[in-house]
Amino acid sequence: MDRLIEFAQANLLLSVAFAGLTVALVYTEIARLFRPFKGVSPAQLTDLINRENALVLDIRGQAEFEKGHIIGARHLLPSQVDPEGKLLAKAKESPVVVVCYAGVSATGVAQKLAKAGFKRVSVLEGGIGAWQQAGLPLAKGKA
């Protein structure tokens, strides 16, 4: 224990960085456990689409969407997501999966939907990149 304290004192900047990263990692994992939506893999999303007719919302820009999107996905920009709107109003009890480029931007939209009372909201972990890495098909053009 004395050597650990001696090391921390001799390498204060390194020790503070290590402590900060540890706290950030623990916080991130705890926040993930308590978020009101879940992450799904490409295989799980395929299952949700095939078995439960999940609504897939692609929130990437229009150009990226037209270059390639999940078959049957609907395109909405994050600013256009209206939980009470025509597209989403009927899906409060159905599975809704939000897709973005890397799985990061979709969390804000998923949070908004869950707060609005949607029961089964998910985010595609890894985004469209994970979908492509899994070798799954993309449709091109407008939906």
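Scoring rules and cut-offs
- Residues numbered from 1 in each chain as written.
- Predicted model: local features only at pLDDT ≥ 70, side-chain atom pairs only at ≥ 80, totals over all residues.
- Heavy atoms only, no water.
- Helix = DSSP H or I, 4+ residues; strand = E, 2+ residues; numbered from the N terminus.
- Rg over C-alpha atoms; globule rule 2.2 N^0.38 Å.
- Buried < 20%, exposed > 50% of the residue type's maximum accessible area, 1.4 Å probe, protein only.
- Contact = heavy atoms within 4.5 Å.
- Salt bridge = Lys/Arg side-chain N within 4 Å of Asp/Glu carboxyl O.
- Core = buried A, V, L, I, M, F, W, Y, C linked by side-chain atoms within 4.5 Å.
- Axes fitted to C-alpha atoms, helices over the stretch in contact; angles between N-to-C directions.
- Parallel < 35°, antiparallel > 145°, perpendicular 65-115°, else oblique.
- Nonpolar A, V, L, I, M, F, W, Y, C, P; charged D, E, K, R; others polar.
- Arc of directions from axis to C-beta.
- Pairing = 2+ DSSP bridges.

Enquirer: What is the right way to look at the overall build of the chain in this model?
Expert: The number of helices and strands found in the chain is seven helices and five strands. Reading the secondary structure of the chain in the N-to-C direction produces α-α-β-α-β-α-β-α-β-α-β-α. Against the compact-globule benchmark of 15 Å for 143 residues, the chain has a radius of gyration of 20 Å, which places it well outside the compact range. The principal-axis extents of the C-alpha atoms in the chain amount to approximately 65 × 30 × 30 Å. Taken over 143 residues, the chain has a buried fraction of 33%. Within the chain, contacts between residues at least 6 apart in sequence are counted, and of these 67% link residues at least 24 apart.

Enquirer: I would appreciate a short explanation of the pattern of salt bridges in the present structure.
Expert: Throughout the structure, instances matching the rule amount to four salt bridges. With a closest N to O distance of 3.4 Å, lysine 92 and glutamate 84 form a salt bridge. A residue is classified by how much of its surface remains accessible, and glutamate 84, at 56% relative accessible area, is exposed.

Enquirer: In this structure, what is going on with the nonpolar core? I would like to understand it.
Expert: In globular proteins that are soluble, nonpolar side chains generally tend to be buried together. With 18 residues, the main nonpolar core has Leu57, Leu88, Val96, Val98, Leu113 and Phe118 as its most contacted residues. Taken together, the elements giving at least two residues each to this core come down to β2 (55-58), β4 (95-99), α6 (106-115) and β5 (120-124). Residue contributions to this core peak at four residues, all from α6. Setting aside residues up to four positions removed in sequence, leucine 113 forms contacts with Leu57, Val81, Pro83, Leu88, Val96, Val98, Phe118 and Val121.

Enquirer: Is there a simple way to think about the packing of helix α1 (residues 2-10) against helix α2 (residues 12-34) in this case?
Expert: For any two helices packed against each other, one specifies the inter-axial angle together with the distance between the axes. For the pair α1 and α2, the least separation of the axes is 5 Å and the interaxial angle reads 105 degrees. In this view, α1 runs roughly perpendicular relative to α2, as classed from their interaxial angle. Across from Phe7, Ala8, Gln9 and Ala10 in α1, the residues of α2 making contact are Leu12, Leu14 and Ser15. Residues belonging to the contact of α1 with α2 are distributed by class as follows: five nonpolar, two polar and no charged.

Enquirer: Help me understand helix α3 (residues 42-52), please; the structure alone is not making it clear to me.
Expert: Side chains three or four residues apart in an α-helix point the same way, a direct result of the helix having 3.6 residues per turn. Within α3, the full set of buried residues consists of Pro42, Leu45 and Leu48. One face of α3 carries all of its buried residues, which in axial projection span an arc of 120 degrees. Residues of α3 that are exposed and point more than 90 degrees away from the buried face comprise Ala43, Asn50 and Arg51. On its buried face, α3 sits against β1 (38-40), β2, β4, β5 and α7 (127-133). Looking one or two places after α3, you find asparagine 53, whose phi comes out positive at around 50 degrees.

Enquirer: Sorry if this is basic, but what is going on with the pairing of β4 here?
Expert: Consecutive residues of a regular strand have side chains that alternate between opposite faces of the sheet. Of all five residues that make up β4, five are buried, and the element is covered over most of its length. The alternating pattern of β4 places Pro95, Val97 and Val99 on one face and Val96 and Val98 on the opposite face, and all of these are buried. Looking at chain direction, β2 and β4 are connected through four bridges and run parallel. Within β4, the position partnered with leucine 57 by the bridge is valine 98.

Scope: geometric values only; no functional claims are made or implied.
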